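Spelled out from the first residue to the last, the chains are:
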Amino acid sequence: MTAIEIRNKFLNYFRSHGHKIIPSAPLIPENDPSVLFTTAGMHPLVPYLLGEKHPEGTRLADYQKCLRTVDIDEVGDNRHLTFFEMLGNWSLGDYFKNESIRYSIEFLTKELNIPIEKLSVTCFAGDKDAPRDEETAKVWEEVGMPKERIYYFGKNDNWWIAGDEGPCGPDTEIFYDTGKPACSDNCNPSCDCGKYVEIWNNVFMEYYKHKDGTYTKLKQRNVDTGLGLERINMLLQGKETPFDTEIFKPIMDKLQELAKNDNLESRRIVAEHLRASMMIIADGGKPSNIDRGYILRRLIRRMIRHLNKLEINLDRLKELIELNIENLKEMYPELMQNKENIINTIMEEKDKFVKTLVNGEKELQKELNKLKEKNIDILSAEEVFRLYETYGFPPEVTKEIAKENGFKVDLETFDKLFKEHQEKSRLGSEQKFKGGLADQSEETIAYHTATHLLHKALQIVLGDHAVQKGSNITSERLRFDFSHPQKLTKEELDKVEQIVNEQIQRDLPVTCEEMSYEDAKNSGAIGLFANKYGDKVKVYTIGDFSKEICGGPHVTHTGVLGTFKIKKEEASSAGVRRIKAVLIK
Ligand code: SER
């Protein structure tokens, strides 16, 4: 079986059990740039887990593209990936533990033909916030799981939440026994010796964790499951790593053929980072020095460093991208649709990085000459770090060149500085992730509605070409990107502001209807995000003023918004302008 076949089997199975299939949301959340990337299937569904009605009903199944960068430096070993696909079935206040577990075991044993003897499961052990999940364990026993392969663990292992706040709950995880010998008498599924591989997580999401650390029950009891596609594919094919499956094999083989200095870890890094970069670019990402653009830049640059390490001529990069698109195009048709953009973006970034390498090397040589004059033979950690921060010059290259010139490098201090730096960026990313998922406060809801008013007002003042290119909402302000070729004049800005405030004063009702994508389009609704919502979409109408496709939520009438004030208008990128605005109550 291949990954696509597994994906199809999964979707068909859940379709035949009353689930509607929803397509993957983009890796870059469309209406929520406060989150860096979609990191779990749950992310695009948060409003529905909190109680909004989903246009497709209460039983859904999906295949979600995810990107997690916390372990980016681990890629190269036999299991870590940044980009992966998660298959999921969802109950939005519909079925709960019993059916969810029965679906999982039936799918694994009957559809994928995995013998139950190969499986073990874990359940939540219980603590002050939620009881021991004996209900789940009982269902496991009923479906034939022997007691000795049902384990209980605490929050660290058997509780799922994204970030520190948001919908969450106990989970039950299903593990596959690879047949490797146990590492000790205590070897169990929570051990990462490699004997047990987690394949499926069923989260019973009935709690909300608040900022202050307390838990309350959600309006409804949900199920969120996640089955890692690359992993199950690898296990079913009896492979040791995802890099040995059809997803990566062609590119791994090509790299081996081209490498003059082969090493497996570098080939894995190139193969993994190339796929992740292509997927980010296909969903609209561009390399830059901040946020998600920086992560894309890091992925591409790390890939190039390892191509250099493998001694593969960088002129071959285009061919490698083409080969990878060819190999993955059936699984991800968006790669073919964005082929030119993917190639151009990666090749441009490669050229920039090559220049960086040249500049950094000059700078390093200057520094080494200075030290030589002073008869010093140690290059300080601070200098290695400065080259890294200022020129993007990779520390391992600095070390190499310094060594060639007879210099020692203070590696220990450098590692310390580097770790501090990484920790800072990691905290930054997590902060962003939390913000996006958890914040459904009154303020952010008000800014959502104000964004619709602004979008429409811009189209009235500037013309229909002024369409949304991005939106970022916090509880303090909105930020809206739209296409327009030049700076807005003072008159235009005043006019936009005035129109929005008029609509607020008219206290227009905000209503929501569900309709087919086609009907929405024909009714003149704006903000069409093809492929995002599946067949049915929600359309929010604000009086006679605006009609826009959106997942919500929104205020019920505009009168509550206060006074709308534009704070800033500036360029965002070529042909795209950005407005920052606030609501004053
Ligand atoms: N949210 C859970 C996870 O990401 C299950 O989908 O593992």
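All values reported here derive from a predicted model rather than from experimental measurement. (Residues numbered from 1 in each chain as written. Predicted model: local features only at pLDDT ≥ 70, side-chain atom pairs only at ≥ 80, totals over all residues. Heavy atoms only, no water.)

## Digging into the overall build of the protein
The helix and strand tally for the protein stands at 18 helices and 18 strands. For 585 residues, the compact-globule estimate of 2.2 N^0.38 gives 25 Å, and the C-alpha radius of gyration of the protein, at 26 Å, lies within 12% of that figure. Counting only C-alpha atoms and orienting by the principal axes, one finds that the protein spans roughly 75 × 70 × 45 Å. The proportion of buried residues among the 585 residues of the protein is 54%. Looking at the protein alone, contacts between residues at least 24 apart form 71% of all its contacts between residues at least 6 apart. Put simply, the protein has 84 plus and 96 minus side-chain charges, and the middle of one group is 2 Å from the middle of the other. (Helix = DSSP H or I, 4+ residues; strand = E, 2+ residues; numbered from the N terminus. Rg over C-alpha atoms; globule rule 2.2 N^0.38 Å. Buried < 20%, exposed > 50% of the residue type's maximum accessible area, 1.4 Å probe, protein only. Contact = heavy atoms within 4.5 Å. Lys, Arg positive; Asp, Glu negative; His and termini not counted. Charge placed at Lys NZ, Arg CZ, Asp CG, Glu CD.)

## Description of the site of the ligand
In the vicinity of the ligand, the contacting residues are Ala40, Arg68, Met86, Trp160, Asn201, Val203, Asp224, Thr225 and Gly226. Arg68 is positioned with one of its side-chain polar atoms (N or O) 3.2 Å from an oxygen atom of the ligand. Thr225 places a main-chain nitrogen or oxygen 3.4 Å from an oxygen atom of the ligand. The protein chains hide 94% of the 230 Å² of surface that the ligand would expose on its own. Going through the elements one at a time, strand 8 (196-209) and strand 9 (215-228) are the ones with two or more residues in the shell around the ligand. Per-element accounting of the shell around the ligand gives the leading share, 3 residues, to strand 9. When grouped by side-chain class, the residues that make up the shell around the ligand number 4 nonpolar, 3 polar and 2 charged. (Near = heavy atom within 4 Å. Polar contact = N/O pair within 3.5 Å; in protein donor to acceptor, adjacent residues only side chain to side chain. Areas by Shrake-Rupley, 256 points an atom, 1.4 Å probe, with all protein chains shown as cover. Nonpolar A, V, L, I, M, F, W, Y, C, P; charged D, E, K, R; others polar.)

## Considering the pattern of salt bridges
Under the defined criterion, the tally for this structure stands at 43 salt bridges. Salt-bridge contacts for Glu52 lead to Lys538; the nearest nitrogen and oxygen are separated by 2.5 Å. Of this pair, Glu52 sits in the loop between helix 2 (46-49) and strand 2 (59-67) while Lys538 sits in strand 15 (residues 536-542), and the two are 486 residues apart along the sequence. Bridged by salt links that share partners, the residues Asp127, Lys128, Asp129 and Lys155 form one connected network. (Salt bridge = Lys/Arg side-chain N within 4 Å of Asp/Glu carboxyl O.)

## Some words on helix 6 (residues 229-236)
Counting buried positions along helix 6 gives 6 out of 8 residues, so the element sits mostly inside the fold. Among the residues making up helix 6, those that are buried are Leu229, Glu230, Ile232, Asn233, Met234 and Leu235. Backbone geometry just downstream of helix 6 places Gly238 in the positive-phi region, at approximately 65°.

## Examining the packing of aromatic side chains
Tallied over the full model, the rule gives 20 aromatic pairs. Arranged with centres 4.8 Å apart and planes meeting at 50°, the rings of Phe10 and Phe14 form a pair that is tilted. Within this pair, Phe10 and its partner Phe14 are both found in helix 1 (residues 3-15), separated by 4 residues, close to a single helical turn. When its relative accessible area of 0% is taken as the criterion, Phe10 is described as buried. Given the relative accessible area of 0%, Phe14 is considered buried. With a centroid separation of 5.9 Å and 55° between ring planes, the pair formed by Phe10 and Trp200 is classed as tilted. Here Trp200 lies in strand 8 and Phe10 lies in helix 1, a separation of 190 residues in the sequence. (Phe/Tyr/Trp six-rings, centres within 6.5 Å; stacked < 30°, edge-to-face > 60°.)

## Section: the nonpolar core
Counting 105 residues, the largest nonpolar core has Trp140, Ile199, Ile321 and Ile346 as the members making the most contacts within it. Within the second largest apolar cluster, 34 residues are counted, among which are Tyr447, Leu462, Phe480 and Tyr540. (Core = buried A, V, L, I, M, F, W, Y, C linked by side-chain atoms within 4.5 Å.)

## Some details on the packing of helix 3 (residues 97-111) against helix 4 (residues 134-142)
Packed helices, taken two at a time, are described by their axes: the angle between them and the distance between them. Axis separation between helix 3 and helix 4 bottoms out at 10 Å; the angle between their running directions is 40°. Judged by the inter-axis angle, helix 3 sits oblique to helix 4. Crossing hand, helix 3 versus helix 4: right-handed. Every residue of helix 4 that contacts helix 3 at Lys97, Asn98, Ile101, Arg102 and Ile105 is listed here: Glu135, Thr136, Val139, Trp140 and Glu142. (Axes fitted to C-alpha atoms, helices over the stretch in contact; angles between N-to-C directions. Parallel < 35°, antiparallel > 145°, perpendicular 65-115°, else oblique. Left-handed = near helix turned anticlockwise from the far one by under 90°.)

## Brief notes about unusual backbone geometry
A positive phi angle, close to 55°, is found at Asn113, a residue other than glycine. Residue classification places Asn113 among the exposed positions, given a relative accessible area of 58%. At Glu311, a position not held by glycine, the phi torsion is positive, near 60°. Tracing the backbone through its elements, the reader meets Glu311 in the loop between helix 9 (291-309) and helix 10 (317-328). Given the relative accessible area of 42%, Glu311 is considered partly exposed.

## Let's talk about the sheet that holds strand 13 (residues 478-483)
Strand order in the open sheet made by the 4 strands is 12-13-18-17, with antiparallel pairing throughout. Bordering the open sheet on either side are strand 12 (468-473) and strand 17 (563-573), each of which pairs with just one other strand. Along the sheet, successive strands turn relative to each other by an average axial angle of 20°, direction set aside. Strand direction decides the pairing type here: strand 12 and strand 13, joined by 5 bridges, are antiparallel. Looking at strand 13, one finds that Asn472 is bridged to Arg479. (Pairing = 2+ DSSP bridges.)

## Considering the pairing of strand 13
Along any regular strand the residues' side chains alternate between the sheet's two faces. Taking burial as the measure, the 6 residues of strand 13 include 6 buried ones, the bulk of the element. Judged by which residues are buried, strand 13 turns out to be covered on both faces: Leu478, Phe480 and Phe482 on one side and Arg479, Asp481 and Ser483 on the other are all buried. In sequence, strand 12 turns back onto strand 13 through a hairpin of 4 residues.

## Some words on helix 17 (residues 490-505)
At 3.6 residues per turn, the α-helix brings residues three or four places apart onto the same side. Compared with an ideal rise of 1.5 Å per residue, which puts 16 residues at 22 Å, helix 17 spans 22 Å between its outermost C-alpha atoms and is within 8% of the ideal. For helix 17, the complete set of buried residues consists of Leu493, Val496, Glu497, Ile499, Val500, Asn501, Gln503 and Ile504. Elements that come into contact with the buried residues of helix 17 comprise helix 16 (442-462), strand 17 and strand 18 (576-584). Just past helix 17, the residue Asp507 takes up positive phi, approximately 50°. (Expected span 1.5 Å × (residues − 1).)

## Brief notes about the confidence of the model for the protein
Taken over all residues, the pLDDT of the protein has a mean of 90, while the share at 70 or more is 95%. Of the regions scoring below 50 in pLDDT, residues 429-438 engages in 25 contacts with residues more than four places distant in sequence or in other chains. (pLDDT = per-residue confidence, 0-100.)

## What to know about the environment of Glu569
By secondary structure assignment, the location of Glu569 is in strand 17. A C-alpha to C-alpha distance of 32 Å links Glu569 and Ile343, two positions 226 residues apart in sequence. Sequence-distant contacts of Glu569, that is, excluding residues within four places in its chain, are made with Lys487, Leu488, Leu493, Arg577, Arg578 and Ile579. A polar atom in the side chain of Glu569 sits 2.6 Å from the side chain of Arg577.

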